[in-house]
Amino acid sequence: MIFKTIIEPFRIKTVEPIHGRTRSEREAALEAAGYNLFLIKAEDVLIDLLTDSGTGAMSSDQWAGMMRGDESYAGARSFYRFEAAVQEITGFKHVIPTHQGRAAERILFGTAVKPGEVVPNNTHFDTTRANVEYRSAIALDLPCPEGRQPQEYHSFKGNIDLTALERVLLEKPGQVPLAMITVTNNSGGGQPVSMANIRAASEMCHRFGVPFFLDACRFAENAWFIKLREEGYADSTPLAIAQEMFSYADGCTMSAKKDGMANIGGFLAMNDDDLAQRCKNLLILTEGFPTYGGLAGYDLEAIAVGLKEALDEDYLRYRIRSVEYLGEICMHNDIPIVLPTGGHALYLDAKALLPHIPWNEYPAWALSLVLYLEGGVRSVCIDSVMFGRQPDGSEQPAANELVRLAFPRRVYTQSHFDYLAEVLVHTKGLAPRLRGVRMTYGPPVLRHFTARFEPAYGQLIVD
Ligand SMILES: Cc1ncc(COP(=O)(O)O)c(C=O)c1O
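Here we summarise the structure given alongside this text. (Residues numbered from 1 in each chain as written. Predicted model: local features only at pLDDT ≥ 70, side-chain atom pairs only at ≥ 80, totals over all residues. Heavy atoms only, no water.)

With that settled, the discussion passes to the sheet that holds strand E8 (residues 266–270). Spatial ordering of the open sheet is given by E2-E8-E7-E6-E5, a layout of 5 strands whose pairing is mixed. The strands lining the two open edges of the sheet, one partner per strand, are strand E2 (94–98) and strand E5 (179–182). Along the sheet, successive strands turn relative to each other by an average axial angle of 15°, direction set aside. Where strand E6 (residues 212–215) meets strand E7 (residues 251–255), 3 bridges bridge the pair, whose relative direction is parallel. The partner of leucine 214 across the bridge, within E7, is cysteine 252. Seen against the sheet, helix H4 (residues 101–112) touches E2, E5, E6, E7 and E8 and runs at an angle of roughly 150° to E7. (Pairing = 2+ DSSP bridges. Helix = DSSP H or I, 4+ residues; strand = E, 2+ residues; numbered from the N terminus. Axes fitted to C-alpha atoms, helices over the stretch in contact; angles between N-to-C directions. Contact = heavy atoms within 4.5 Å.)

The next point concerns the site of the ligand. Of all residues adjacent to the ligand, which total 15 residues, the nearest are Arg102, Asn186, Asp215, Ser255 and Lys258. Take lysine 258: an N or O atom from its side chain is 2.8 Å from an oxygen atom of the ligand. If the ligand stood free it would expose 390 Å²; the protein chains cover 97% of that surface. Sort the elements by how many residues they give to the shell around the ligand and H4 lands first, with 3 residues. Residues of the shell around the ligand, tallied by class, amount to 2 nonpolar, 7 polar and 6 charged. (Near = heavy atom within 4 Å. Polar contact = N/O pair within 3.5 Å; in protein donor to acceptor, adjacent residues only side chain to side chain. Areas by Shrake-Rupley, 256 points an atom, 1.4 Å probe, with all protein chains shown as cover. Nonpolar A, V, L, I, M, F, W, Y, C, P; charged D, E, K, R; others polar.)

You can see leucine 239 is positioned in helix H9 (residues 238–247). For the pair leucine 239 and aspartate 312, spaced 73 residues apart in sequence, the C-alpha separation works out to 8.5 Å.

Bringing the packing of aromatic side chains into the picture now. One pair of aromatic rings is described through two measures. These are the centre distance and the angle between the planes. Applying the stated criterion across every chain yields a total of 13 aromatic pairs. Relative to tyrosine 80, the ring of phenylalanine 79 has its centre 5.2 Å away and its plane inclined at 75°; by these criteria the two rings are edge-to-face. Owing to a relative accessible area of 5%, phenylalanine 79 belongs among the buried residues under this scheme. Its relative accessible area of 44% is what places tyrosine 80 among the partly exposed residues. Seen in terms of ring centroids, phenylalanine 79 and phenylalanine 82 are 6.3 Å apart; in terms of plane orientation they differ by 45°. Their pairing is tilted. Of the two residues, phenylalanine 79 and phenylalanine 82 are both situated in helix H3 (residues 77–90); the distance of 3 residues between them amounts to about one turn of the helix. On the basis of relative accessible area, phenylalanine 82 is assigned to the buried category, the value being 0%. (Phe/Tyr/Trp six-rings, centres within 6.5 Å; stacked < 30°, edge-to-face > 60°. Buried < 20%, exposed > 50% of the residue type's maximum accessible area, 1.4 Å probe, protein only.)

Here we come to the pattern of salt bridges. This model, assessed by the stated rule, comprises 28 salt bridges. Residue arginine 23 is joined to glutamate 374 by a salt bridge in which the shortest nitrogen-to-oxygen separation is 2.6 Å. On the criterion of sequence distance, the pair formed by arginine 23 in helix H1 (residues 23–32) and glutamate 374 in helix H14 (residues 363–375) is long-range, its members being 351 residues apart. Between glutamate 454 and arginine 438 there is a salt bridge, with its nearest N and O atoms 2.7 Å apart. Of the two residues, glutamate 454 is situated in strand E14 (residues 452–455) and arginine 438 in strand E13 (residues 437–441); the sequence distance between them amounts to 16 residues. For glutamate 454, a relative accessible area of 32% corresponds to the partly exposed category. It is possible to trace a salt-bridge network through shared partners that takes in Asp52, Arg218, Glu221, Asp259, Arg319 and Arg409. (Salt bridge = Lys/Arg side-chain N within 4 Å of Asp/Glu carboxyl O.)

Let's shift gears to the packing of helix H12 (residues 313–332) against helix H16 (residues 414–430). The interhelical angle for the contact between H12 and H16, taken along N-to-C directions, is 25°, at an axis separation of 10 Å. Taken together, the axes of H12 and H16 are roughly parallel relative to one another. Of the two possible hands of crossing, H12 and H16 adopt the one that is right-handed. For the pair H12 and H16, the contacting residues are Ser322, Val323, Tyr325, Leu326, Ile329 and Cys330 in the first and Gln414, Phe417, Asp418, Leu420, Ala421 and Leu424 in the second. When the residues that make up the contact of H12 with H16 are grouped by side-chain class, the tally is 9 nonpolar, 2 polar and 1 charged. (Parallel < 35°, antiparallel > 145°, perpendicular 65-115°, else oblique. Left-handed = near helix turned anticlockwise from the far one by under 90°.)

Spatial ordering of the open sheet is given by E9-E12-E11, a layout of 3 strands whose pairing is antiparallel. Every interior strand has two partners, whereas the edge strands, strand E9 (345–349) and strand E11 (380–382), have only one. The mean angle between the axes of side-by-side strands here comes to 35°, regardless of whether they run parallel or antiparallel. One ladder, built from 5 bridges, connects E9 with strand E12 (residues 402–406); its direction is antiparallel. Each residue of the ladder has a partner; that of leucine 346, found in E12, is leucine 405. Contacting E9, E11 and E12, H14 crosses the sheet at an angle of about 40° to E12.

Turning next to the state of the cysteines. Applying the stated criterion across every chain, the model contains 0 disulfides. With no disulfide of its own, cysteine 330 has cysteine 381 as its nearest cysteine by sulfur position, at a separation of 15 Å. Among the residues examined, cysteine 330 registers a relative accessible area of 1% and is labelled buried. (Disulfide = S-S within 2.5 Å.)

Buried residues of H9: Pro238, Ile241, Ala242, Met245 and Phe246, and no others. Across the axial projection of H9, the buried residues extend over an arc of 135°, all falling on one side. In the core, the buried residues of H9 are packed alongside H3, helix H7 (195–207), E6, helix H8 (219–229), E7 and H12. (Arc of directions from axis to C-beta.)

What follows deals with H8. Most of H8 sits inside the fold, with 9 of its 11 residues counted as buried. Of all the positions in H8, only Phe219, Ala220, Glu221, Asn222, Ala223, Trp224, Phe225, Ile226 and Lys227 are classed as buried. Elements in contact with the buried residues of H8: H3, H7, H9, E7, helix H11 (297–309) and H12.

Relative to the elements of secondary structure, phenylalanine 225 occurs in helix H8. Under the relative-accessibility criterion, phenylalanine 225 is labelled buried at 1%. Along the backbone, phenylalanine 225 and arginine 433 are 208 residues apart, and their C-alpha atoms lie at a distance of 38 Å. The residues touching phenylalanine 225, leaving out its near neighbours within four places in the chain, are Phe156, Pro192, Glu230, Ile320, Thr341, Gly342 and Gly343.

The structure is reproduced here in structure tokens:
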């Protein structure tokens, strides 16, 4: 290849206008939304990096697939196409569609987990944690030590700490109904998990008779990192790598809004006949009949096509390189980020950028507000607002104060990334003048979605 530039491997067929607002309009929008970016209208956002979940652009093949959607209540053709696509990649016997990932979590934990039990994971995503805790069970995060150091380089910072996992399995016999690994580790910086780690965790769990599940939302991005970084996989296809990853697991939960390339959907898959039957019974109660699980036939079609497109090498190369490119600009400008850059997002390290803002004035939250105020960019925080409240109501600082810029799939182009880089560099220049926020309302669970704030010192940026 003589050309170095990695281009978007698609042409644009449909466009959706986006609008900049003036700074004072954004200031008013922030105040009206209680300084919570979840409560801002999407039309007031220029570049929306709140999430990569369900926000991607679908391909012409996916839209074509949707026109084939079979909306039969039971036994629709669309379900069998969906089931075949999931089985080709995962190899699991039972495939249970759900309306999104958290429904798969609720059904799995609602069926398999009892009060007081412990579910280890490299790092639970917030809905995963909430669904475990809703069962009055303990969601235990066991990231590898490197995963706790945002600025330290390691190829697989998403790995689970195998020593800690073994300790839990030894100390809590009969109390671990299942263990999980999240690929890639979203709450831990979008960092990948190595095949060696997945294999070792699986063997360990099985030695203790504990089922091993993957939270597989970003399985294709994880497979790509294994191809790039793990010895022995350079010549393997992403599909073959994904198949090996799943071969070590007894089942998975999946949000198809990520590497399913769909705007809605998810699934639960597993090999255990009895567990699958019990999950299907609960599914019928709350999601729908097992061949549609709360989705339309056309959604199942979009996922069936999307799962395969997510494993396309040109797409994965472009996607991972875009994030890396932005990361390089940040490093060049001394903007602290989680290193190395992960799959679906760039994570700004607000603790390092804003050391003068204490954790209980939420430095990441303040930084994300300023990115919106200055540049119309919407992000999300993985921080003490999200994780600070303990089940007993007390407050603890989160391990990290991160601002996540998550990239919708196939939506933004190189010039959007260049604009974003300018916003980041400009905001870095303001860092000493940024101030924290005070929470004026916070619900007991998943509070980042609806909490309200005010600037702790009257303004977000002081003179
Ligand atoms: C790792 C992980 N697990 C589970 C979920 C939940 O999926 P959903 O939003 O489809 O309910 C997400 C969503 O962002 C996630 O990133």
